[in-house]
Amino acid sequence: MTTIVKVENIHKCFDQTPVLKGVSFEVAKGQVVAIIGKSGSGKSTALRCIDRLESIDSGAITVCGHQLHDSKLNLKTLRRDVGIVFQSYNLFPHLTVEQNVSLALKLVRKLSRTDAAVIAARVLAQVGMADKAHSYPEQLSGGQQQRAAIARSLAMEPQLMLFDEVTSALDPELTGEVLQVMESLARGGMTMILVTHEMGFAEKVADQIIYMHEGKVHETGDASILRAPQTQELRKFVGSGL
């Protein structure tokens, strides 16, 4: 299987405080990987390093053939291959949903307005938002805004999608509609890494689960590790219902 992401012994400090302490893992093409752990375990920092939103202090990361530790790395090229969706939707309030989705297609990929509109229509249909193309963000629910944000990333046709706690600000009903979209992407073969607190969702869709604890990969495996944790720390984390 083709390796899309290779994280090798990465370390990261913020103001002399170690946050990542030798994290290593690999993600194969088409895999869905869920990173779990309590707040402060380093999981979101690890995810942000994969898109070079954070730089590492040591170690190496290779993503879609890009060596992120290379001083000559072209960030624009990297971010064409890697889409990332955050807890906050980051939609432009003065643009319609369609305009939000097509903006990068025109500015980054230099597509015509017509070609960008065709792609925007396709990805909005993919996330169940075709009927909201001409709505503004303030007219949408939180779940709809998050689905629009996912569509915006999909429009760039990335090889890898990153999701950072994308449902943590949503109520249960809206969470469900966003998770359905992510599950559909997983079934379609999209390579995905998600930081999540949705244990049931991780168990259902993830090929690999990475439990991070105090800046390290503490336990890793398939969904069975949630049912039968091998370490006391994961047993306690799963038992807490977090």
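Just above sits the structure.
Residues numbered from 1 in each chain as written. Predicted model: local features only at pLDDT ≥ 70, side-chain atom pairs only at ≥ 80, totals over all residues. Heavy atoms only, no water.

**Student:** For this particular structure, what's the right way to read the overall build of the chain?
**Tutor:** The number of helices and strands found in the chain is nine helices and 10 strands. Relative to the 2.2 N^0.38 estimate, which gives 18 Å for 242 residues, the radius of gyration of the chain is 18 Å and therefore close to what a compact globule would have. Across its three principal axes, the chain shows a C-alpha extent of roughly 55 × 45 × 40 Å. Within the chain, the fraction of its 242 residues that count as buried is 51%. Across the chain, every contact between residues at least 6 apart in sequence was considered, and the portion connecting residues at least 24 apart equals 65%. If you sum the accessible surface of the chain, you get close to 11,600 Å²; carbon and sulfur atoms cover 47% of it. Here the chain holds 26 positive side-chain charges and 26 negative ones, and the gap between their average locations is 5 Å. (Helix = DSSP H or I, 4+ residues; strand = E, 2+ residues; numbered from the N terminus. Rg over C-alpha atoms; globule rule 2.2 N^0.38 Å. Buried < 20%, exposed > 50% of the residue type's maximum accessible area, 1.4 Å probe, protein only. Contact = heavy atoms within 4.5 Å. Areas by Shrake-Rupley, 256 points an atom, 1.4 Å probe, with all protein chains shown as cover. Lys, Arg positive; Asp, Glu negative; His and termini not counted. Charge placed at Lys NZ, Arg CZ, Asp CG, Glu CD.)

**Student:** How do you make sense of the packing of helix H5 (residues 142–154) against helix H6 (residues 172–187) when you look at a structure like this?
**Tutor:** How two helices sit against one another is set out by the angle between their axes and by the gap between those axes. Relative orientation of the contacting elements H5 and H6 amounts to 20°, with a least axis distance of 8 Å. When the axis of H5 is compared with that of H6, the two are roughly parallel. Crossing handedness for the pair H5 and H6: right-handed. Residues Gly142, Gly143, Gln144, Gln146, Arg147, Ile150 and Leu154 of H5 lie in contact with H6, whose contacting residues are Leu174, Glu177, Val178, Val181, Met182 and Leu185. The residue makeup of the contact of H5 with H6, split by class, is seven nonpolar, four polar and two charged. (Axes fitted to C-alpha atoms, helices over the stretch in contact; angles between N-to-C directions. Parallel < 35°, antiparallel > 145°, perpendicular 65-115°, else oblique. Left-handed = near helix turned anticlockwise from the far one by under 90°. Nonpolar A, V, L, I, M, F, W, Y, C, P; charged D, E, K, R; others polar.)

**Student:** Mind showing me how you'd approach the packing of aromatic side chains here?
**Tutor:** Given two aromatic rings, their pairing is described by the distance between the two centres and the angle made by the two planes. Inspection of every chain in the model, using the stated rule, returns one aromatic pair. Their ring planes at 35° and their centres at 5.5 Å tell us that Tyr211 and Phe237 sit as a pair that is tilted. One end of the pair, Tyr211, is in strand S9 (residues 208–213); the other, Phe237, is in helix H9 (residues 232–239), and 26 residues separate them in sequence. Both residues of the pair, Tyr211 and Phe237, count as buried. (Phe/Tyr/Trp six-rings, centres within 6.5 Å; stacked < 30°, edge-to-face > 60°.)

**Student:** Could you clarify how one ought to interpret the side chain of Thr196 in this entry?
**Tutor:** Locating Thr196 in the fold gives a position in the loop between strand S8 (191–195) and helix H7 (199–205). According to the relative accessible area criterion, Thr196 is buried, its value standing at 6%. Engagement of the side chain of Thr196 in a polar contact is seen with the backbone nitrogen of Glu198, the distance being 2.9 Å. Each residue touching Thr196, except ones within four places of it in the same chain, is listed here: Ala34, Ile35, Ile36, Glu165 and Ala202. (Polar contact = N/O pair within 3.5 Å; in protein donor to acceptor, adjacent residues only side chain to side chain.)

**Student:** I keep staring at the sheet that holds S8 and nothing clicks. Help me out?
**Tutor:** Pairing between the strands of a sheet comes from backbone hydrogen bonds, and it takes one of two forms, parallel or antiparallel. Spatial ordering of the open sheet is given by S6-S7-S8-S3-S9-S10, a layout of six strands whose pairing is mixed. Unpaired on one side and paired on the other, strand S6 (82–85) and strand S10 (216–221) mark the two borders of the sheet. This sheet shows a mean twist of 20° between the axes of neighbouring strands, independent of strand direction. Bridging between S9 and S10 involves five bridges; their strand directions are antiparallel. Bridged to Ile210 within S10 is Thr220. Against the sheet, H5 makes contact with S6 and strand S7 (160–164), and its axis sits at roughly 170° relative to S6, the strand it touches most. Packed onto the sheet, H9 meets strand S3 (32–36), S9 and S10 and runs at close to 100° relative to S9. (Pairing = 2+ DSSP bridges.)

**Student:** Is there a simple way to think about the sheet that holds strand S1 (residues 3–14) in this case?
**Tutor:** The sheet built from four strands is open, its strands ordered S2-S1-S4-S5 with antiparallel pairing. Edge positions in the sheet fall to strand S2 (17–28) and strand S5 (66–67), since each has one partner strand and no second. By the bridge criterion, five bridges tie S1 to strand S4 (residues 58–63) in an arrangement that is antiparallel. Residue pairing for S4: Glu8 is matched across the bridge by Ala60. Sheet strands touched by helix H1 (residues 43–50): S1, S2 and S4. Its angle to S2, the strand with the most contacts, is close to 60°.

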